[in-house]
Amino acid sequence: MKLDQFPEDLRDHLLPSPTGGLGYHCLKCGLVHPPTELYYTCPACGGLLLLEDDQADRLKARPGHFWRRLFDYRRMLNIQPLSGIFAYHEFLAPLIPLEDIIYLGEGHTPVVAAPAALAREVGRPLFIKHDGQNPSASFKDRGMAAALSYLRYLIRSRHLTGVLAICASTGDTSAAAALYSAALGDQVKSAVLLPKGKVTLPQLSQPLGAGARVFELPGVFDDCMKVVEYLSENFQVALLNSKNPWRVLGQESYAFELAQQFDYDLAGLALLVPVGNAGNLTAILSGLLKLRRYEVIDQLPKVVAVQSSHADPVFRYYNQPAGPGRRYQPVTVRPSVAQAAMIGDPVSFPRVVKMVEAYNAAAGRELFFVVQVEEQAIMDNMIRANRSGLTICTQGGEGLAGLGEAIRLGLVGPEERAVVDSTAHALKFAEFQNRYFENQLQEGFDITARPELVNRPADIRPLGVPLPEPGRTQSPEDRAAYVAAAADDLALALGLRKRG
Ligand SMILES: *Cc1c(COP(=O)(O)O)cnc(C)c1O
Ligand SMILES: [Zn+2]
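Counting restarts for each chain, with residues numbered from 1 along the sequence as it is written. Labels are handed out in written order, letters beginning with A for the chains and numbers beginning with 1 for the ligands. In keeping with the predicted nature of the model, local features appear solely for residues at pLDDT of at least 70, side-chain atom pairs appear and are counted solely at 80 or more, and the whole-chain, interface and lining totals rest on all residues. Computation of side-chain values: all heavy atoms of the structure, hydrogens and water removed.

Quick look at the nonpolar core
Our working rule: Nonpolar cores were defined as sets of buried Ala, Val, Leu, Ile, Met, Phe, Trp, Tyr and Cys residues, with membership established by side-chain atoms within 4.5 Å. Burial classes: relative accessible area under 20% of the type maximum marks a residue as buried, over 50% as exposed, and values in between as partly exposed (1.4 Å probe, protein chains only). Only DSSP runs of H or I reaching four residues or more are called helices, and only runs of E reaching two or more are called strands; each is numbered from the N terminus. These domain boundaries are the output of an automatic or database domain assignment. Only heavy atoms enter the contact rule, under which two residues are in contact if any of them lie within 4.5 Å.
Trp-246 and Leu-288 are the most contacted members of the largest nonpolar core, which totals 114 residues. No other element matches helix H6 (residues 140-158), which puts nine residues into this core. Among the domains, domain 1 (111-136 + 252-453) and domain 2 (139-248) are the pair contributing at least three residues each to this core. Residues within four places of Leu-288 in sequence aside, it is in contact with Ala-255, Leu-266, Leu-271, Ile-297, Leu-300, Pro-301, Val-303 and Tyr-359. Of all hydrophobic cores here, the second largest spans 41 residues; its members include Ile-378, Ile-392, Ala-406 and Leu-411.

Regarding the sheet that holds strand S2 (residues 32-33)
Each strand in a sheet pairs with its neighbour through backbone hydrogen bonds, running either in the same direction (parallel) or in the opposite one (antiparallel). Filter applied, for reference: Being paired, for any two strands, means DSSP has found at least two bridges between them.
In space, the three strands of this open sheet follow the order S2-S1-S3, with antiparallel pairing throughout. Each having just a single partner strand, S2 and strand S3 (49-53) make up the two edges of the open sheet. Across two bridges, strand S1 (residues 22-26) lies against S2 in antiparallel orientation. The partner of Tyr-24 across the bridge, within S2, is His-33.

Quick notes on the packing of helix H11 (residues 253-261) against helix H12 (residues 279-293)
Applicable threshold: Axis definition: a line fitted to C-alpha atoms, over the contacting stretch in the case of helices. Angles run 0 to 180 degrees between N-to-C directions. In this scheme, roughly parallel covers angles under 35 degrees and roughly antiparallel covers those over 145, while 65 to 115 is roughly perpendicular and the rest are oblique. Crossing handedness is read from the near helix: turned anticlockwise from the far helix by less than a right angle, it gives a left-handed crossing, and turned clockwise, a right-handed one.
Relative orientation of the contacting elements H11 and H12 amounts to 50 degrees, with a least axis distance of 7 Å. If you check the angle between H11 and H12, you find them oblique. Both H11 and H12 take part in a crossing whose hand is right-handed. Contacts between H11 and H12 involve Tyr-254, Ala-255, Phe-256 and Ala-259 from the first element and Ile-284, Gly-287, Leu-288, Lys-290 and Leu-291 from the second.

Some thoughts on the pattern of salt bridges
Note the following rule: Salt bridge, as used here: a side-chain nitrogen of Lys or Arg that lies within 4 Å of a carboxyl oxygen of Asp or Glu.
Applying the stated criterion across every chain yields a total of 23 salt bridges. For the salt bridge of Arg-74 with Glu-90, the shortest nitrogen-to-oxygen distance reads 2.7 Å. Linking Arg-74 in helix H3 (residues 64-74) with Glu-90 in helix H4 (residues 89-92), this pair joins segments that are 16 residues apart in sequence. We note that Arg-74, like Glu-90, is buried. Between Lys-196 and Glu-216 there is a salt bridge whose closest N-O contact spans 3.1 Å. A residue pair is termed long-range when its members are at least 10 positions apart, and Lys-196 in the loop between strand S7 (188-195) and helix H8 (201-209) and Glu-216 in strand S8 (residues 213-217) qualify at 20 residues.

Side note on the coordination of the zinc ion (ligand 2)
The following threshold applies: Sodium, potassium and calcium take a 3.2 Å donor cutoff, other metals 2.8 Å, and in both cases only N, O and S atoms count; water is not among them, so sites may look incomplete. Metal sites are grouped by the angles between bound donors: all angles between 85 and 135 degrees with four donors is tetrahedral, opposite donors over 155 degrees apart with the others between 65 and 115 is square planar for four donors and octahedral for six, and any other pattern is irregular.
Summarising the metal site, the zinc ion (ligand 2) is bound by the protein donors Cys-26 (SG), Cys-29 (SG), Cys-42 (SG) and Cys-45 (SG), whose distances to it range over 2.3 Å. Bound by four donor atoms, the zinc ion (ligand 2) shows angles of 98 to 114 degrees at the metal and therefore tetrahedral coordination geometry. The sequence pattern describing where the donors of the zinc ion (ligand 2) fall on their chain is C-x2-C-x12-C-x2-C. Pair noted here: Cys-29 is in the loop between S1 and S2 and Cys-45 is in the loop between S2 and S3, with a separation of 16 residues, a long-range link.

Some remarks on unusual backbone geometry
The residue Asp-263 is not glycine, and still its phi comes out positive at about 50 degrees. Take Asp-263: it is sitting in the loop between H11 and strand S10 (269-274). One non-glycine residue with positive phi stands out, namely Asp-446, at about 60 degrees. Among the structural elements, Asp-446 can be located in the loop between helix H17 (430-437) and helix H18 (476-494).

Re empty space enclosed by the protein
What counts is decided by this rule: Both site types are read off a 1 Å grid over the protein atoms alone. A 1.4 Å probe that fits but cannot get out defines a cavity, while an open set with protein on both sides within 12 Å along at least five of seven lines defines a pocket; lining residues have an atom within 4 Å of a point. Grid points are joined across faces, edges and corners, and a volume is the space filled by probe spheres set on the points. Residue polarity is assigned by list, with Asp, Glu, Lys and Arg as charged and Ala, Val, Leu, Ile, Met, Phe, Trp, Tyr, Cys and Pro as nonpolar; anything else, Gly included, falls into the polar class.
This model, assessed by the stated rule, comprises three cavities of 30 Å³ or more. If you trace the largest cavity, you find 26 residues lining it, with Phe-139, Lys-140, Gly-276, Asn-277 and Ala-340 closest to the centre. Taken together, the elements giving at least two residues each to the lining of the largest cavity come down to helix H7 (172-182), helix H10 (245-251) and H12. With three residues, the top contributor of residues to the lining of the largest cavity is H12. For the lining of the largest cavity, the residue count by class is 10 nonpolar, 13 polar and three charged. Of the residues that make up the lining of the largest cavity, three or more belong to each of domain 1 (111-136 + 252-453) and domain 2 (139-248). By volume, the second largest cavity is sized at about 40 Å³. Forming the boundary of the second largest cavity are Thr-170, Pro-195, Lys-198, Val-220, Phe-221, Gln-339 and Met-342. Taken together, the residues of the lining of the second largest cavity sort by class into four nonpolar, two polar and one charged.

Structural notes on H11
Most of H11 sits inside the fold, with eight of its nine residues counted as buried. The complete set of buried residues in H11 reads Ser-253, Tyr-254, Ala-255, Phe-256, Glu-257, Leu-258, Ala-259 and Gln-260. Just downstream of H11, Asp-263 is the residue with a positive phi angle, here 50 degrees.

A word on the layout of surface pockets
Taken as a whole, the largest pocket spans an internal volume of roughly 570 Å³. If you trace the largest pocket, you find 21 residues lining it, with Glu-37, Leu-38, Tyr-40, Gln-236 and Val-237 closest to the centre. Looking at the lining of the largest pocket, the elements that each hand over two or more residues are H6, strand S6 (163-168), helix H9 (221-234) and strand S9 (238-239). Of the residues belonging to the lining of the largest pocket, the class tally is 11 nonpolar, five polar and five charged.

Written as structure tokens, this is what we have:
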């Protein structure tokens, strides 16, 4: 819709004007640093940072219905920078001018109600938010859109040159980082560090295709992360891992969209979130808290974090009795089909602790839970969803398995509706499906293929007729003989009856 066709009282608000207020808040020493530089850790004490709006009173000055109406109308505005996550500009990164915003089609991913059979099996209404339907096929694009837009703003306003963006990745961060850096052309070069053999082929092809320098290192993600942290502390690079608080800001958009997609009524909803480095969990909790703070929603939903038993430090922490005796301990990961979340020492863990405290306090009761699932359940649930007409990734399977576990534990009641975050596109993880069907996931993953879920292609190769060969033209007679014989074999295999 054209600007002059919107209700008059909204026209002045549809195009946001940049405002200050955002500051880096250190979780360790409490200092606040201005957003005039890209920090990943507190320059005073090395603590982890979160970006907070110190002029939030201007947002509070408006009632919740003002924001709901503005965000709903903005969805009809066809202006590129506001078409994605920056539709929520005021709540997200209000200091970034529209001219610096990069939009590659991220955000506003569909929420799909599970077909009846699956909902019946789960015993309650179930929705999938398909975050694999982002440009690089994972939710990481949300964070990269924010981080690279901020970087572009810095480059322009500070006349920076020769910026090298760098990240460690379980596969999807590097795909997103490479893509969004490529969109900035010569302004930013990107380099990505991958644990060798620990990302899938499509994930490896993504940063290569986008022209990033790709480096494969021995070890797992946690090892690559340490190298990239060392690099960012000792060399001039722009770190794009979720240690970078701009990533977290961008990923808050998941919460804003979800609220909008449920008409701002999140009561009685349980959100299932797979957790690796815990940047996404931090962002979703933070986004939901903002919505509540500015009265865009009345009630916070339940949030259930999900981890595989092969990579479960967050579960282990919250599984201890609450109180000062709780200890955080990194774990050594074992192979996981939810490979994008296969992280033993999540960088954002201190953020999670802070957010969970704030979340439960704002809700006035315990509304955050963590469950642990087995690798077997992850694969079984992914395929089960697929058999109901939904495509979810292995991390989505982890979320769905987590729902089953949360129901079993009584954490999600029969009257509650569930939303599973399918964080990536299923096709990125097709090789795990193949290995499951070939029953090649027993070693390391402890997964045995369920015969009723296995599906393999069958060869049709009729005997006694000339077969087509690539590049060679068959005679009409040979072709007719082959077609009839192949069709007969197929009819036999499918148990077809001859026409009357
Ligand atoms: C990165 C990633 C995760 C884990 O998110 P964190 O923010 O690291 O906890 C889960 N699923 C997919 C597909 C991912 O790419
Ligand atoms: Zn500090």
